Amino acid sequence: MTRSAVWHPFTQHALEPTMKRIVRTDGAYLFDEQGHAILDAISSWWVITHGHRHPLITDAICKASEIYDQIIFAEYTHEPAEELATSLIAVAPASLGHVFYSDSGSTCVEVALKMAFGFFHNRGTPRFRIVVMEYGYHGDTIGTMSAGERGVFNMAYEPMLFDVDRLPFPAPGREQDTLDAFEAFCQGGQVAALLIEPLVLGAGGMLMYPASLLAELRAIATKHGSLMIADEVMTGWGRTGTLFACEQANIAPDILCTSKGLTGGSLPLAATLCSAEIFDAHLSTDRSRTFFHSSSYTANPIACAAALANLDVWKTEPVATRIQSLVAMHGARLERFKADARFGNVRQAGTIVALDVNVPATGYLSNAGPKLRAFFKERNLLIRPLGNVIYLMTPYCVMANDLDRIYDAIDKAADMIAQGGDL
Ligand SMILES: *Cc1c(COP(=O)(O)O)cnc(C)c1O
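Since this is a predicted model, take the numbers as computed values, not measurements.

(A) Looking closely at the packing of helix α6 (residues 175-187) against helix α7 (residues 211-223). In the contact formed by α6 and α7, the axes pass within 10 Å of each other and the chain directions differ by 15°. The orientation of α6 relative to α7 falls into the category roughly parallel. The crossing of α6 and α7 is right-handed. Here E175, T178, L179, F182, E183 and C186 of α6 lie close against α7, whose contacting residues are L213, E216, L217, I220, A221 and K223. Its residues placed into classes, the contact of α6 with α7 shows 7 nonpolar, 1 polar and 4 charged.

Take a look at the structure:
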């Protein structure tokens, strides 16, 4: 058999079995060539919110594609981008008044970092430090890799990366250490921004911390005139139970990044929302203060139309109720693992649940990861553990019996690992 020319992301092709070809998607399912229905328990890398191919969103894409394709976004504007910006500001935390478009989670965070540096530069009080949280993940471009946790993922690229200040993760009982560390970094007056994933650190292992801590970090940033960048690329669009995770801490960040669920997962699009202060620091008759950033496909009109349709779904369907019932369904099913010696750190933040399988070797390269993944795949469940951490992040349309299948498989998977390991 000839090898495919495709080089897949985060894939060791020497170890990976032949890939399944997906020929169709629908609701919570992917369908392969053999006609198997595969339950997408991780929302195709966290992007699908309501379900695959929601009819309102699919229709909007079809309609928009009849009248638009890409339109240059400097000198010209268009209705989908204008209307989407207004709509995003209406639903986002108060104090965010401007919207800058890009096309992926990584790029909207890069934009946020540049906005923060530009803000202080243009005000004539440059600041050069970025503070992040241990185990954070913000993307795979150079700037976002620099801000993310260092490890096997970025070892080869280390010479390209810049240095940032890292807060210890606020493990239960250690919250004060995190706050003290942030206070200490801010003392020097050099911190431009705190870049943080609110409530849940995703790729770092679905680590969760309380909203009260986020509120306290916000207060420290404000006290020292440092900006807060909320990376809501994963947590946005209902994942943690509220539209944005920041709402639970009752805070407004200075900059908010959104991407994955922005179009309901249908098309790539991202937005960086910022406060009037940040926009105004770039507003000048002096051209050197321009915000120097663009990408070819900025504000693609069809993607903007998909995002508007996503907002329509939120407005016209009982999405919040659906999410609340999903949260409760997970809660009830997680209960059985809480006092189970095979698992540790059983946790939930809204629609996201995670639990650690107790194994001798932990970490992302733990052998448990690929073993678990293969075990689930055999059962037509798309679940990709992060090392020994099993997590679920299903589309909101998933049914109770789908969840039962998932939880039963997790139970059996833990037995497989406990018995030493093979399928
Ligand atoms: C996925 C993710 C990103 C990067 O998004 P891409 O679209 O993959 O570039 C950034 N931040 C967080 C919190 C994410 O989960």
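More follows now that the structure is in view.
(B) Main features of the sheet that holds strand β10 (residues 227-231). The strand order β4-β12-β11-β10-β7-β5-β6 describes an open sheet built from 7 strands, whose pairing is mixed. Of all the strands in the sheet, just β4 (98-102) and β6 (165-167) have a single pairing partner and so form its edges. Neighbour to neighbour, the strand axes of the sheet diverge by 20° on average, direction disregarded. For strand β7 (residues 191-196) and β10, the ladder comprises 4 bridges, and the chain directions are parallel. Directly across from L195, in β10, lies its bridge partner I229.

(C) Just the sheet that holds strand β14 (residues 352-357), in detail. Across the sheet, 3 strands lie side by side as β13-β14-β16; this open sheet has antiparallel pairing. Edge positions in the open sheet fall to β13 (343-349) and β16 (389-392), since each of these has one partner strand only. Geometrically, the sheet is characterised by an average inter-axis angle of 15° between neighbouring strands, direction not taken into account. Relative to β14, β13 runs antiparallel, the two sharing 5 bridges. Of the residues in β14, the one forming a bridge with Q348 is V353. Helix α10 (residues 319-334) contacts β13, β14 and β16 of the sheet and is inclined by roughly 165° relative to β13.

(D) Here's a closer look at a negative patch on the surface. Together, E79, E82, E83 and D312 give the surface a local cluster of negative charge. Tallying contributions element by element places helix α3 (residues 79-91) first for the negative patch, with 3 residues. A relative accessible area of 40% places E83 in the partly exposed class.

Definitions and limits used
Residues numbered from 1 in each chain as written. Predicted model: local features only at pLDDT ≥ 70, side-chain atom pairs only at ≥ 80, totals over all residues. Heavy atoms only, no water. Axes fitted to C-alpha atoms, helices over the stretch in contact; angles between N-to-C directions. Helix = DSSP H or I, 4+ residues; strand = E, 2+ residues; numbered from the N terminus. Parallel < 35°, antiparallel > 145°, perpendicular 65-115°, else oblique. Left-handed = near helix turned anticlockwise from the far one by under 90°. Contact = heavy atoms within 4.5 Å. Nonpolar A, V, L, I, M, F, W, Y, C, P; charged D, E, K, R; others polar. Pairing = 2+ DSSP bridges. Patch = residues over 30% accessible without salt bridge, like charges linked within 9 Å, V, L, I, M, F, W, Y side chains within 5 Å. Areas by Shrake-Rupley, 256 points an atom, 1.4 Å probe, with all protein chains shown as cover. Salt bridge = Lys/Arg side-chain N within 4 Å of Asp/Glu carboxyl O. Lys, Arg positive; Asp, Glu negative; His and termini not counted. Charge placed at Lys NZ, Arg CZ, Asp CG, Glu CD. Buried < 20%, exposed > 50% of the residue type's maximum accessible area, 1.4 Å probe, protein only.

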